[in-house]
Each structure stands twice: as structure tokens, then as C-alpha cells.
Amino acid sequence: QERPGWQVGVGMGYGRGTFEDPAGARTSYRNGPAFQLRAARALGQHAQVGVYYDTWMIEYGEVPTKYRDVEQGLGVGLTWFPGNPHNATGGIYLRASGGMGWIGFAEKEAIPGEAQGEGERVDEWGYNLVADAGYEFWIARNFTAGVGAVFGYLGIGETLVDQAGFAALAFNLNLYF
């Protein structure tokens, strides 16, 4: 399948994340959802340049107080398709991006029978680096579905978080036009 010039896509997955404070204490979490958004322009049949948003989050705690920790990044990156677009290897992709990253911590009330609000939130900013690799299957002429492994690193260097990271397995849907 020849790759059209533009791509928009979404990815949803599940994985684990870590936060390290400036003193070096590390907190690790399992079972958090990951989410991706992307828009890219083809540079021939083997490469794309695009804008990528990646996030991983965890929510925990017991009623009446819940906590939400979020890792997010928005960056520019490159996707490389090393295979031959005329055979089965054409669906392999490798992606790397970098840009601004931020961490969000929220504490909120969770009262049974009432909608949860956003609560008090603290954000810290830095940079992010994300890499993912996987395979996409052509479902239709302009539509693919696939799976990939996503790895993110955030260098924050602030009061609450020095660095953070996540790893997730994601299911991807892409529209080409």
C-alpha cells in the first residue's frame, strides 16, 4: 500500500509509569492508561514528520479523596517506515519525538453520588522524549490499525519531580489522506 501524504491518528493503551523527586526517591505505578494524538506529513514512502501528543496517567485513592498523576508531552518528531511499501514489511514503523513535557498532580473530592471535579492541581514543566515502535495493518485504502510499544521520558527538574517516565502497549488507528 502506497502511503498518502497526510496522516492523523489516535492511540490508546495501558502501561506503567514512574516519578522521581529531586532527592532521588522513585515512585512507580502500574495499570495506567496511555493516550496519543498525532498529525504528520509524508516525506516520501519511508518517512513522516509530525506533531505528537503523548500522555500517561494514574488515578488512585479511596473515597472521599482521590489523586491523579499525569505525564504529558507535546513534540515534533519523525516516523520512519523501514520496510518495503509493496509487501508485508511496509507496516513496520519507528517513531521518535521531543518537545515540551509537563507533570500534573491533582487531589480531588470523590463523594459517592456526585460528579468528581478537577480539584486542586499542581503542574511542573520541562521537556519530553518519546519513542515507539510497532506495526500497522491496512484495513482500507486510507485507514490503518495497529499495535505499538511506547516509551516516554520527561526531564522536569522542578520542586516535586526531577524526572518521570512511562512504558505502554498501545492500539493505534490512523487515517491517511
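The residue numbering used here restarts from 1 in each chain and proceeds along that chain's sequence as written. Local features are withheld for residues below a pLDDT of 70 in this predicted model, meaning they are given only at 70 or higher, and side-chain atom pairs are given and counted only at 80 or more; totals for whole chains, interfaces and linings count all residues. Only hydrogens and water are set aside when side-chain values are computed; all heavy atoms of the structure are taken into account.

Here, a salt bridge means any side-chain nitrogen of Lys or Arg that lies within 4 Å of a carboxyl oxygen of Asp or Glu. Taken as a whole and assessed by the stated rule, the structure comprises six salt bridges. Between Glu59 and Lys108 there is a salt bridge, with its nearest N and O atoms 3.0 Å apart. One end of the pair, Glu59, is in strand β3 (residues 47-62); the other, Lys108, is in strand β5 (residues 92-109), and 49 residues separate them in sequence. As a salt-bridge pair, Asp123 and Arg121 come within 2.7 Å of each other at their nearest N and O atoms. Look at Arg121 and you get partly exposed, because its relative accessible area is 38%. In the salt-bridge network here, residues are joined through shared partners; they are Glu59, Arg68 and Lys108. Numbering of helices and strands starts at the N terminus; helices are DSSP runs of H or I of at least 4 residues and strands are runs of E of at least 2. For each residue, the accessible area found with a 1.4 Å probe, counting protein chains only, is set against the maximum for its type, and the residue is called buried under 20%, exposed over 50%, and partly exposed in between.

Moving on to unusual backbone geometry. Here the residue pair Val63 and Pro64 is connected by a cis peptide bond, since its omega of 20° sits within 30 degrees of zero. Its place among the elements puts Pro64 in the loop between β3 and β4 (65-80). Positive phi is not limited to glycine here, since Asn31 has a value of about 65°. Here Asn31 is to be found in strand β2 (residues 26-42).

In this section: the nonpolar core. Among buried residues, the Ala, Val, Leu, Ile, Met, Phe, Trp, Tyr and Cys ones that are joined through side-chain atoms within 4.5 Å form a nonpolar core. Residues Phe19, Trp56, Ile103, Val161 and Ala164 are the most contacted members of the largest nonpolar core, which totals 16 residues. Breaking this core down by element, the ones donating at least two residues are β2, β3, β5, β7 (143-155) and β8 (163-176). In what follows, a contact means two residues having at least one pair of non-hydrogen atoms within 4.5 Å. In contact with Trp56, not counting residues within four places along its chain, are Gly15, Arg16, Gly17, Phe19, Tyr29, Gly32, Pro33, Ala34, Asp69, Val70, Glu71 and Phe166.

Relative to the elements of secondary structure, Gln72 occurs in strand β4. Gln72 gets classed as buried once you look at its relative accessible area, which sits at 12%. Here a polar contact is taken to be a pair of N or O atoms separated by no more than 3.5 Å, where protein atoms must pair a possible hydrogen donor with a possible acceptor and residues adjacent in sequence count only if both atoms sit in side chains. Here Tyr53 takes part through its side chain, which lies 2.5 Å from a polar atom of the side chain of Gln72. Apart from the residues within four sequence positions on either side, Gln72 is in contact with Tyr53, Asp54, Thr55, Met100, Gly101, Trp102, Arg121 and Leu154.

Taken together, the side chains of Trp6, Val8, Phe137, Ile139, Phe143, Val147, Phe171, Leu173, Leu175 and Phe177 make up a nonpolar region of the molecular surface, amounting to roughly 920 Å² of accessible area. Where the nonpolar patch is concerned, the elements lending two or more residues are β1 (6-20), β6 (120-140), β7 and β8. Looking at the nonpolar patch, the element that brings in the most residues is β8, giving three residues. Note that Phe171 resides in strand β8. Judged by its relative accessible area of 45%, Phe171 falls in the partly exposed class. Patch construction takes residues with relative accessible area above 30% that form no salt bridge. Like charges are linked within 9 Å, and nonpolar side chains (Val, Leu, Ile, Met, Phe, Trp, Tyr) are linked within 5 Å. Note on areas: Shrake-Rupley with a 1.4 Å probe; residue coverage comes only from the protein chains shown.

A word on the packing of aromatic side chains. Working definition: a ring pair exists when centres of Phe, Tyr or Trp rings (six-membered ring for Trp) sit within 6.5 Å. Plane angles under 30 degrees give stacked, over 60 give edge-to-face, the rest tilted. Applying the stated criterion to the full structure yields ten aromatic pairs. Aromatic pair Tyr29 and Tyr60: ring centres 5.4 Å apart, planes at 25°, arrangement stacked. Of this pair, Tyr29 sits in strand β2 while Tyr60 sits in strand β3, placing them 31 residues apart in sequence. One aromatic cluster is present, built from ring pairs that chain together Phe19, Tyr29, Trp56, Tyr60, Tyr67 and Phe105. The rule for a charge over a ring is simple: NZ of Lys or CZ of Arg within 6 Å of the ring centre, and within 35 degrees of the ring normal. The ring of Phe81 carries the charged tip of Arg3 above its face, separated from the ring centre by 3.5 Å.

These results come straight from atomic positions and should not be treated as a statement about function.
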